[in-house]
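So you can see what is in the structure, the chains are spelled out below.
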Amino acid sequence: MRFRHPDGSTVHLAYCTNVHPAETLDGVLAQLRDHCEPVRRRLGRDRLGIGLWLARDAAHALVTDPSALRGLRCELDRRGLEVVTLNGFPYEGFGAGEVKYRVYRPDWTEPERLDHTTALARVLARLLPDDVDEGSISTLPLAWRTRSTGPAPTALRRLGERLDALEELTGRSLRIGLEPEPGCVIETTGDAIAPLTAIGHPRIGICVDTCHLATSFEDPHTALDALVASGVPVVKSQLSAALHAEHPHLPEVRDALAAFDEPRFLHQTRTRTAAGLRGTDDLGEALGGRAIPYGAPWRAHFHVPLHAAPAAPLTSTLPVLKAALARLVGGPHPLARHLEVETYTWQALPPALRPATRAQLADGIAAELTLARDLLTDLGLKELP
């Protein structure tokens, strides 16, 4: 979906396909047929943006076989789909029964991460629509916090050089956004400023995930103003909402939270205290003891559907998303022109809330995109055909 900003530039809205993970190229092609095209049809659009997630094997198949890459581009065109952004955070195994800490490996200290991201950039340069000359890729924020990240800046500078060369070859400008996430070396947008300034390459910036922003209790305007002041580019933003519990000391609230404690993904949980943030790596750990205080609101890194906040006594951080979006695209010029709805946890929701069929999942994704579209038009952007 495309929107005209009042300054005349185009803002792209997509949804991320990591909600239907596939490890192979055949699986990606099936995604387009079984999920993405049905979402487009529900929205009544001739064209729908998708943020592709390409696992290692799928990316390798595309970058080593030009005919396969041409075939994917043709399939996107045939189904009314377009790609201006990729999710390069998960490397492989995102559909496994237990992902947890595995999603952070390989990290930016390991050569596989640089090679994979380079492959993604080469693929994206060929998938961009003919009338679009800029693409974006989100990636993990260096590494999980327990890892030493000494080699990471060198790898990212090398990536920047490769992206420079790719633009000379293809005429397409590609940028990478490190995505701050609770528990990682770069946990907040503030944490990103020093390393990105030190790397100092204009193609290496930040991806602002509004669920992560909210989980860390960052104020959107303060965070984004600091990025602007430091000159760190916002390459893309993932529009997402976290789980919010206003009164975690109440037994009924903890019972409601326990329904979201599932085994597949990490759900880092945070609370704000006078001494700063306190938190755990997972929701079950927070519920299981006194690791974090109960006297102030909790937020958990669980991407809840944008249009459907959980039932009381829980809610979502949709207000944080709205405030961030107002700063991202509501000013005289957009800070980010690539926006991506990223609710990958539909099948991790409590059983009563999960879609039981492909049709129900498509309905839910279409409803999320409709909400995002309405927020953009309320900010003065005009939806394009």
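Residues numbered from 1 in each chain as written. Predicted model: local features only at pLDDT ≥ 70, side-chain atom pairs only at ≥ 80, totals over all residues. Heavy atoms only, no water.

Novice: What is the right way to read the pattern of salt bridges from this model?
Specialist: As a working rule, side chains carrying opposite charge can pair if their charged atoms are close by. One pass over the full model with this rule turns up 30 salt bridges. Notably, a salt bridge pairs Asp363 with Arg42, separated by 2.5 Å at the nearest N-O pair. Linking Asp363 in helix α12 (residues 358–378) with Arg42 in helix α1 (residues 25–43), this pair joins segments that are 321 residues apart in sequence. Since its relative accessible area comes to 43%, Asp363 is described here as partly exposed. Of the charged contacts, one joins Asp282 and Lys100 as a salt bridge, the two residues approaching to 2.5 Å between their closest N and O atoms. Highlighted residues: Asp282 in the loop between β11 (276–280) and α10 (283–287) and Lys100 in the loop between β4 (81–87) and α4 (111–127), separated in sequence by 182 residues. Since its relative accessible area comes to 12%, Asp282 is described here as buried. (Salt bridge = Lys/Arg side-chain N within 4 Å of Asp/Glu carboxyl O. Helix = DSSP H or I, 4+ residues; strand = E, 2+ residues; numbered from the N terminus. Buried < 20%, exposed > 50% of the residue type's maximum accessible area, 1.4 Å probe, protein only.)

Novice: I keep staring at the packing of helix α11 (residues 318–329) against α12 and nothing clicks. Help me out?
Specialist: Geometrically, a packed helix pair is captured by the angle between its two axes and the distance between the axes. Look at α11 against α12: their axes get within 10 Å of each other, and the N-to-C directions meet at 45 degrees. Between α11 and α12, the interaxial angle falls into the category oblique. Between α11 and α12 the crossing geometry is right-handed. For the pair formed by α11 and α12, the contact residues are Leu318, Leu321, Lys322, Leu325 and Val329 on the first element and Leu371, Leu375 and Leu376 on the second. Per-class residue counts for the contact of α11 with α12 are 7 nonpolar, no polar and 1 charged. (Axes fitted to C-alpha atoms, helices over the stretch in contact; angles between N-to-C directions. Parallel < 35°, antiparallel > 145°, perpendicular 65-115°, else oblique. Left-handed = near helix turned anticlockwise from the far one by under 90°. Contact = heavy atoms within 4.5 Å. Nonpolar A, V, L, I, M, F, W, Y, C, P; charged D, E, K, R; others polar.)

Novice: Would you take a moment to explain unusual backbone geometry for this structure?
Specialist: Most of the time, phi is negative for any residue but glycine, and the peptide bond is trans. A cis geometry characterises the amide bond from Arg105 onward to Pro106, with omega recorded as -10 degrees. Turning to its location among the elements, Pro106 is positioned in the loop between β4 and α4. In the segment running from Ala312 into Pro313, the intervening peptide bond is cis, with an omega of 15 degrees. Looking at where Pro313 falls in the secondary structure, it is placed in the loop between β12 (298–304) and β13 (314–316). With a phi close to 45 degrees, Lys100 is a non-glycine residue in the positive phi region. For Lys100, a relative accessible area of 14% gives the class buried.

Novice: Help me understand the packing of aromatic side chains in this model?
Specialist: Each aromatic ring pair is summarised here by two numbers: the centre-to-centre distance and the angle between the ring planes. Summed over all chains, the structure comprises 9 aromatic pairs. For the ring pair Phe94 and Phe265, a centre distance of 5.2 Å and an interplane angle of 40 degrees mean the geometry is tilted. Of this pair, Phe94 sits in the loop between β4 and α4 while Phe265 sits in the loop between α9 (251–258) and β10 (269–273); the two residues are 171 residues apart in sequence, bridging distant segments of the chain. Taken together, the aromatic side chains of Trp53, Phe94, Phe265 and Tyr344 make up a single cluster linked through ring pairs. If you follow Arg254 out to its NZ or CZ, it ends over the ring of Tyr294, 5.0 Å from the centre. Lying over the aromatic face of Phe217, Arg299 brings its terminal NZ or CZ to 4.4 Å of the ring centre. (Phe/Tyr/Trp six-rings, centres within 6.5 Å; stacked < 30°, edge-to-face > 60°. Lys NZ or Arg CZ within 6 Å of the ring centre and 35° of its normal.)

Novice: Got a minute to help me understand the nonpolar core in this structure?
Specialist: General note: in soluble globular proteins, nonpolar side chains tend to be found buried as a group. With 114 residues, the main nonpolar core has Leu13, Tyr15, Leu54 and Leu369 as its most contacted residues. Of all the elements, α12 adds the most residues to this core, at 9 residues. Listed in part, the 5 residues of the second largest apolar core include Leu213, Ala223, Val320 and Ala324. (Core = buried A, V, L, I, M, F, W, Y, C linked by side-chain atoms within 4.5 Å.)

Novice: Is there a simple way to think about the side chain of Thr345 in this case?
Specialist: Its place among the elements puts Thr345 in the loop between β14 (338–341) and α12. Under the relative-accessibility criterion, Thr345 is labelled buried at 1%. Polar side-chain contacts of Thr345 include one of 2.2 Å to the backbone oxygen of His303. Apart from residues no more than four positions distant in its own chain, Thr345 is found in contact with Phe265, His267, Phe302, His303 and Val304. (Polar contact = N/O pair within 3.5 Å; in protein donor to acceptor, adjacent residues only side chain to side chain.)

Novice: Can you help me understand the environment of Leu169 in this one?
Specialist: By the secondary structure assignment, Leu169 is in helix α5 (residues 152–170). For Leu169, a relative accessible area of 66% corresponds to the exposed category. Separated by 22 residues in the primary sequence, Leu169 and Asp191 place their C-alpha atoms 34 Å from one another.

Novice: Teacher, can you tell me more about the pairing of β14 here?
Specialist: Going residue by residue along β14, you find His338 and Glu340 tucked away on one face and Leu339 and Val341 tucked away on the opposite face as well. Strand direction decides the pairing type here: strand β2 (residues 10–16) and β14, joined by 4 bridges, are parallel. If you follow Tyr15 over to β14, its bridge partner there is Val341. Here strand β8 (residues 234–239) runs beside β14; their pairing, made up of 3 bridges, is parallel. Among the inter-strand pairings, Ser237 is bridged to a residue of β14, identified as Leu339. (Pairing = 2+ DSSP bridges.)

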